[in-house]
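The primary structure of each chain is shown beneath.
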Amino acid sequence: MTRARAFIFAGGFGAGAGFLIALTLWISSFSRYMYVEDLDPAVPPEVFRKLVAFAPAERALLYVSLACVALGLLLMLIGGARRKRGS
């Protein structure tokens, strides 16, 4: 395997992992929102907002997933440039 292919493979893996982390966070957040919404429609808006807000760990995972996607795309671009140059 050439270095260019290794960069492209690692970038695709990193971007895919970051996307899956973000998708999982979105699904869990949406399910929590729907669960709290179905509990009682008379929940005050400020309590509702606090219950469905992102936890600090979720926020950190979101930033990690965005970094994985960005780094993965960067690696893929580097691998594509190396492949185009032929090295």
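Cut-offs and rules
Residues numbered from 1 in each chain as written. Predicted model: local features only at pLDDT ≥ 70, side-chain atom pairs only at ≥ 80, totals over all residues. Heavy atoms only, no water. Helix = DSSP H or I, 4+ residues; strand = E, 2+ residues; numbered from the N terminus. Rg over C-alpha atoms; globule rule 2.2 N^0.38 Å. Buried < 20%, exposed > 50% of the residue type's maximum accessible area, 1.4 Å probe, protein only. Areas by Shrake-Rupley, 256 points an atom, 1.4 Å probe, with all protein chains shown as cover. Lys, Arg positive; Asp, Glu negative; His and termini not counted. Charge placed at Lys NZ, Arg CZ, Asp CG, Glu CD. Patch = residues over 30% accessible without salt bridge, like charges linked within 9 Å, V, L, I, M, F, W, Y side chains within 5 Å. Salt bridge = Lys/Arg side-chain N within 4 Å of Asp/Glu carboxyl O. Polar contact = N/O pair within 3.5 Å; in protein donor to acceptor, adjacent residues only side chain to side chain. Contact = heavy atoms within 4.5 Å. Phe/Tyr/Trp six-rings, centres within 6.5 Å; stacked < 30°, edge-to-face > 60°.

## Things to note about the overall build of the protein
Assigned secondary structure in the protein consists of three helices and zero strands. Against the compact-globule benchmark of 12 Å for 87 residues, the protein has a radius of gyration of 19 Å, which places it well outside the compact range. Counting only C-alpha atoms, the protein reaches 65 × 20 × 15 Å along its principal axes. Per-residue burial for the protein yields a buried fraction of 15% across its 87 residues. For the protein, the computed accessible surface area is about 6500 Å², with 73% contributed by carbon and sulfur atoms. For the protein, the centre of its 10 positive side-chain charges and the centre of its 5 negative side-chain charges are spaced 33 Å apart.

## Details of a nonpolar patch on the surface
A cluster of nonpolar residues, F19, L20, L23, W26, I27, F30 and Y33, forms a patch on the protein surface that exposes about 730 Å² of accessible area. Checked against the element boundaries, L23 lands in helix 1 (residues 3-39). According to the relative accessible area criterion, L23 is partly exposed, its value standing at 33%.

## Details of the side chain of E58
Tracing the backbone shows E58 in helix 3 (residues 56-85). On the accessibility criterion, E58 (14% relative accessible area) is buried. At 2.9 Å, the side chain of E58 and the backbone nitrogen of A55 are in polar contact. Not counting residues up to four positions away in its chain, the partners in contact with E58 are L25, S28, R32 and A53.

## Looking at the packing of aromatic side chains
With the rule as written, the count across this model stands at one aromatic pair. A centroid spacing of 5.6 Å and a plane angle of 10° characterise the contact between W26 and F30, whose relative ring orientation is stacked. With a gap of four residues between them, W26 and F30 both fall in helix 1, about one helical turn apart. Judged by relative accessible area, W26 falls into the exposed class, the value being 55%. Taking relative accessible area as the criterion, F30 reaches 42% and is therefore assigned partly exposed.

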